[in-house]
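Report on the structure
Single-letter residue listing:
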Amino acid sequence: GDHGGSAAPLAHVVSVQEKPVYRWPPHPLSTIEFAKKASSLLRIGSQEAMKIAEDLYQAGFISYPRTETDIFSPEFDLQAIVAEQTSHPAWGAYAQRLLDPSQGLWRSPPGGRNDDKAHP
């Protein structure tokens, strides 16, 4: 048949429903888990992955990458860190919504079981 500019409709959209989906934040990754995921999901070798993680750490984007800690200490004020992001042009509005109790979006990250007391 004609696959060119045929104007015959194939489907008719009757209605669209949208609903938010909420997920709990993932556990922080230990160094070993990070290297495994970099390899399996991104096909990056562990040495290259650690170099990238080190660069991200030096640039201030992530916490110290060489740790087996996968839990935040009780003294770690994650909301204060998010509050520092509220004026960012790209994600500031999202940070504000996260911190607004009426939105009900804040979820403290679930902790793992390991804390080597290195860097958070």
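Residues numbered from 1 in each chain as written. Predicted model: local features only at pLDDT ≥ 70, side-chain atom pairs only at ≥ 80, totals over all residues. Heavy atoms only, no water.

Observations concerning the overall build of the chain
Here is the rule: Helix and strand definitions here come from DSSP, where helices need a minimum of 4 consecutive H or I residues and strands a minimum of 2 consecutive E residues; each element is numbered from the N-terminal end. Burial status follows relative accessibility: with a 1.4 Å probe on protein chains alone, a residue under 20% of its type maximum counts as buried, one over 50% as exposed, and anything between as partly exposed. The criterion used for residue contact is that any of the two residues' heavy atoms lie within 4.5 Å. Accessible surface is estimated by sampling points in the Shrake-Rupley manner with a 1.4 Å probe; for residues, cover comes only from the protein chains shown.
A count of helical and extended segments in the chain gives four helices and zero strands. Secondary structure elements of the chain, listed N to C terminal, follow the sequence α-α-α-α. For the chain, with 120 residues in total, the buried portion stands at 15%. Sequence separation of 24 or more characterises 56% of the internal contacts of the chain that already satisfy a separation of 6 or more. Carbon together with sulfur atoms contributes 56% to the accessible area of the chain, which is approximately 9900 Å² in total.

Re helix α2 (residues 46-58)
Keep this limit in mind: A helix is expected to span 1.5 Å for every residue after the first. To be clear, the arc concerns the directions from the helix axis to the C-beta atoms.
Helix length check: α2, at 13 residues, gives a terminal C-alpha distance of 18 Å against a target of 18 Å (1.5 Å per residue), a fit within 8%. Among the residues of α2, A49, M50 and A53 are the ones counted as buried. Down the axis of α2, the buried set is contained in an arc of 95°. They therefore lie on one face. For α2, the exposed residues lying more than 90 degrees away from the buried face are Q47 and Q58.

Describing the environment of K36
Quick reminder of the rule: By the criterion applied in these results, polar contacts are pairs of N or O atoms within 3.5 Å in which, for protein atoms, one can donate a hydrogen and the other can accept it, and in which residues neighboring in sequence qualify only through two side-chain atoms.
Relative to the helices and strands, K36 resides in helix α1 (residues 31-42). With 13 residues separating them in the primary sequence, K36 and A49 have C-alpha atoms 9.5 Å apart. Polar side-chain contacts of K36 include one of 3.3 Å to the side chain of E33.

Regarding unusual backbone geometry
Even without glycine at this site, R43 takes up a positive phi of about 60°. You can see R43 is positioned in the loop between α1 and α2.

Examining a nonpolar patch on the surface
The criterion, for reference: A residue counts toward a patch only above 30% relative accessible area and without a salt bridge, and it is joined to like-charged neighbours within 9 Å or, for Val, Leu, Ile, Met, Phe, Trp and Tyr, to nonpolar neighbours within 5 Å. For this document, the term salt bridge refers to a Lys or Arg side-chain nitrogen within 4 Å of an Asp or Glu carboxyl oxygen.
A cluster of nonpolar side chains, I52, L56, F61 and I62, forms an exposed patch at the surface whose accessible area comes to about 360 Å². With respect to the helices, strands and loops of the structure, F61 is situated in the loop between α2 and α3 (78-83). On the accessibility criterion, F61 (65% relative accessible area) is exposed.

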